[in-house]
Amino acid sequence: MAVRAIARGGTWFGMACGMALLVAVAAQAGTGKQTAAPARDVAVIDPGRDDRLLAERLAAEGSPRSLALAAILSAGVLRGERNYWSGLLGWEPQAADFAASPIVDWRVAAETKSGMDPVANSLLAIIAARADDPPSRRDAAHRWANAEPANLAPVFYADADPEALLQAARTRHDFDAHLFDDVRWAADAIARHPVSRQANRSGHSGKPRDTRAVVAEVRAFFPVAQMTKRPDQQASALLDACRDRPPTDPPSRRSDCLALGRILRDRADLAWVQWIGVSILKAVETDPAAMAETTRIERRMLWQDRRFRHLFGPTLYEPRQLHRVLAEPTIHRDQDAVNFLLAEAHIPLDPPADWRPPR
């Protein structure tokens, strides 16, 4: 069931990033209903202009984080598309977009200044992945991994092969993709530079842009943007490396798979990565007590998914909801956010004893 959840891309909150993007786009577009074409004497609002202005102001700050985020924003608007993060929706920035000026200059400056800053290097890994630039991607992941020697996330996001991940799990015992660090920083950066929509030809000022919707787009984009494989492909590769192994495999293979599965299940800040951990453990665990614990965790996750969808629909975050989550300093993981929102709605985090997951 966990593998199917990852593959469908919509089950449970961790894979709701594609839907979160849809909500964010809808929030900027108004109701999302079709409307008549604007009158000829009124300028058509160009969201790309807002993004270019925001990118230019961020780049002027000169920090590696600001320069990297500026490059990401600008690359998304060069094609004139509103939903410029939409790798999950069938379109995404292309390598040529990141080679355009001034984006390439901002990117080089960010790489030069990034040092061992995990947030800056995770943003640069996003750019390198979308720019189809494996050497720069490896460099960014290497700097991030050196900065955090106990963190498995930079190895995972470097699309390391399963053998490398299994080996890394012997010495790296945490998984922190810094999702909430990245998004909180991006939210603060975007809020520093409010951009008003274009004035119309009659001279009336445009309404201020809803920065919360921009931040929701960033939240939707970051979790999978660093990857060159789809999440279900990553899960399948790891499962193939751990289950149905030949008898000639060394005994350490099973212990390595168990270690990796437990790190992903128990330590990952991203929910869809937790699902991969559950899938690995279900495939290789043989101890009855340990298997019962994995089943309990899976059941709890599925219960929370059902309750969350009942309350909030299929998305994890819409702009106003995300704003509340980011304002809560105790939230560092997807699981923390869901616990917070369910508890706020007075929903028990554990299912009743007689509840059975849907088939």
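Residues numbered from 1 in each chain as written. Predicted model: local features only at pLDDT ≥ 70, side-chain atom pairs only at ≥ 80, totals over all residues. Heavy atoms only, no water.

Trainee: Looking at this model, I keep getting lost on the nonpolar core. Mind explaining?
Mentor: Taken as a class, soluble globular proteins show a tendency for nonpolar side chains to be buried jointly. With 44 residues, the main nonpolar core has Leu152, Phe175, Leu264 and Ile280 as its most contacted residues. Among the secondary structure elements, those contributing two or more residues to this core are helix 9 (153-157), helix 10 (162-168), helix 11 (179-191), helix 13 (231-242), helix 14 (252-267), helix 15 (271-284), helix 17 (319-327) and helix 18 (334-344). Ranked by the residues each element gives to this core, the list is headed by helix 15, at six residues. Residues in contact with Leu264, not counting those within four places in the same chain, are Leu152, Phe175, Leu238, Val273, Gln274, Ile276, Gly277 and Ile280. Leu67, Leu123, Ile127 and Ala140 belong to the second largest nonpolar core, which has 28 residues in total. (Core = buried A, V, L, I, M, F, W, Y, C linked by side-chain atoms within 4.5 Å. Buried < 20%, exposed > 50% of the residue type's maximum accessible area, 1.4 Å probe, protein only. Helix = DSSP H or I, 4+ residues; strand = E, 2+ residues; numbered from the N terminus. Contact = heavy atoms within 4.5 Å.)

Trainee: Is there a simple way to think about the environment of Arg324 in this case?
Mentor: Mapped onto the elements, Arg324 comes out in helix 17. When the C-alpha positions of Arg324 and Ala337 are compared, they lie 9.8 Å apart, and in sequence the two are 13 residues distant. Excluding anything up to four places from it in sequence, Arg324 contacts Leu341 and Glu344.

Trainee: Teacher, can you tell me more about the state of the cysteines here?
Mentor: Each disulfide consists of one covalent bond between the sulfur atoms belonging to two cysteines. Evaluation of the coordinates by the stated rule reveals one disulfide. Shown here is the disulfide that connects Cys242 with Cys257, its sulfur atoms set 2.1 Å apart. Measuring handedness by torsion sign, the sulfur bridge of Cys242 and Cys257 sits at about -95° and is left-handed. Of this pair, Cys242 sits in helix 13 while Cys257 sits in helix 14, and the two are 15 residues apart along the sequence. Considered together, Cys242 and Cys257 belong to a single accessibility category, that of buried residues. (Disulfide = S-S within 2.5 Å.)

Trainee: Is there a simple way to explain the side chain of Ser122 in this structure?
Mentor: Inspection of the secondary structure assignment puts Ser122 in helix 7 (residues 118-130). Taking relative accessible area as the criterion, Ser122 reaches 0% and is therefore assigned buried. Polar side-chain contacts of Ser122 include one of 3.0 Å to the side chain of Asp182. (Polar contact = N/O pair within 3.5 Å; in protein donor to acceptor, adjacent residues only side chain to side chain.)

Trainee: Even after reading the chapter, I still don't get the pattern of salt bridges, so can you show me in this structure?
Mentor: One side chain can pair with another of opposite charge once the charged atoms of both are near each other. Evaluated as defined, the whole model comprises 16 salt bridges. The partner of Glu285 in a salt bridge is Arg254, and the shortest N-O contact between them spans 3.8 Å. Taken together, the positions of Glu285 in the loop between helix 15 and helix 16 (288-312) and Arg254 in helix 14 put the pair 31 residues apart, joining distant regions of the chain. Given a relative accessible area of 9%, Glu285 falls into the buried group. With a closest N to O distance of 2.6 Å, Asp266 and Arg265 form a salt bridge. Using a relative accessible area of 36% as the deciding quantity, one classes Asp266 as partly exposed. (Salt bridge = Lys/Arg side-chain N within 4 Å of Asp/Glu carboxyl O.)

Trainee: Please explain the environment of Leu342 as it appears in this structure.
Mentor: Along the chain, the position of Leu342 falls in helix 18. Note on Leu342: relative accessible area 0%, which makes it buried. Residues Leu342 and Arg307 lie 35 residues apart in sequence; the distance between their C-alpha atoms is 8.0 Å. With sequence-adjacent residues up to four places away left out, Leu342 is seen in contact with Gln304, Arg307, Phe308, Leu311, Ile347 and Leu349.

Trainee: Can you walk me through the packing of aromatic side chains in this structure?
Mentor: The description of an aromatic ring pair rests on the distance of the ring centres and on the angle between the ring planes. Per the counting criterion, the structure on display carries three aromatic pairs. Their ring planes at 50° and their centres at 6.0 Å tell us that Phe156 and Trp272 sit as a pair that is tilted. Residue Phe156 is located in helix 9, and its partner Trp272 is located in helix 15; the two are separated by 116 residues in the primary sequence. With relative accessibility at 1%, the residue Phe156 sits in the buried group. Given the relative accessible area of 0%, Trp272 is considered buried. Within the aromatic cluster, the residues linked to one another by ring pairs are Phe156, Phe175 and Trp272. (Phe/Tyr/Trp six-rings, centres within 6.5 Å; stacked < 30°, edge-to-face > 60°.)

Trainee: How should the packing of helix 14 against helix 15 be read in this particular structure?
Mentor: Each packed pair of helices is defined by two parameters, the angle between the axes and the distance between the axes. As a packed pair, helix 14 and helix 15 sit with axes 7 Å apart at the nearest point and diverge in direction by 150°. Helix-helix and strand crossings are classified by hand; for helix 14 and helix 15 the assignment is left-handed. Taking contact as the criterion, the partners of Arg254, Cys257, Leu258, Leu260, Gly261, Arg262, Leu264 and Arg265 in helix 14 are, on helix 15, Val273, Gln274, Ile276, Gly277, Val278, Ile280, Leu281 and Val284. Within the contact of helix 14 with helix 15, the residues separate by chemical class into ten nonpolar, three polar and three charged. (Axes fitted to C-alpha atoms, helices over the stretch in contact; angles between N-to-C directions. Left-handed = near helix turned anticlockwise from the far one by under 90°. Nonpolar A, V, L, I, M, F, W, Y, C, P; charged D, E, K, R; others polar.)

Trainee: Just checking my understanding: could you explain helix 15 for this structure?
Mentor: Each α-helix turn comprises 3.6 residues. Residues three or four places apart therefore point the same way. Helix length check: helix 15, at 14 residues, gives a terminal C-alpha distance of 20 Å against a target of 20 Å (1.5 Å per residue), a fit within 8%. Within helix 15, twelve of the 14 residues are buried, which leaves the element mostly enclosed by the surrounding structure. The set of residues buried in helix 15 consists of Ala271, Trp272, Val273, Gln274, Trp275, Ile276, Gly277, Val278, Ser279, Ile280, Leu281 and Val284. (Expected span 1.5 Å × (residues − 1).)

Trainee: Just checking my understanding: could you explain the side chain of Asp269 for this structure?
Mentor: Locating Asp269 in the fold gives a position in the loop between helix 14 and helix 15. A distance of 3.4 Å separates the side chain of Asp269 from the backbone nitrogen of Leu179, its partner in a polar contact. Look past the residues within four positions of Asp269 in its chain and what remains in contact with it is Phe175, Asp176, Ala177, His178, Leu179, His332, Arg333 and Asp334.

Trainee: I would appreciate a short explanation of the confidence of the model for the protein in the present structure.
Mentor: Fine structural detail should not be taken from predicted coordinates in areas where pLDDT scores are low. Taken as a whole, the protein shows an average pLDDT of 75; of its residues, 68% reach a score of 70 or greater. Per-element mean pLDDT across the protein ranges from 31 in helix 2 (residues 17-29) up to 94 in helix 14. Here residues 1-47 is modelled with pLDDT under 50, and outside its nearest four sequence neighbours on either side it reaches 100 contacts, counting other chains as well. (pLDDT = per-residue confidence, 0-100.)

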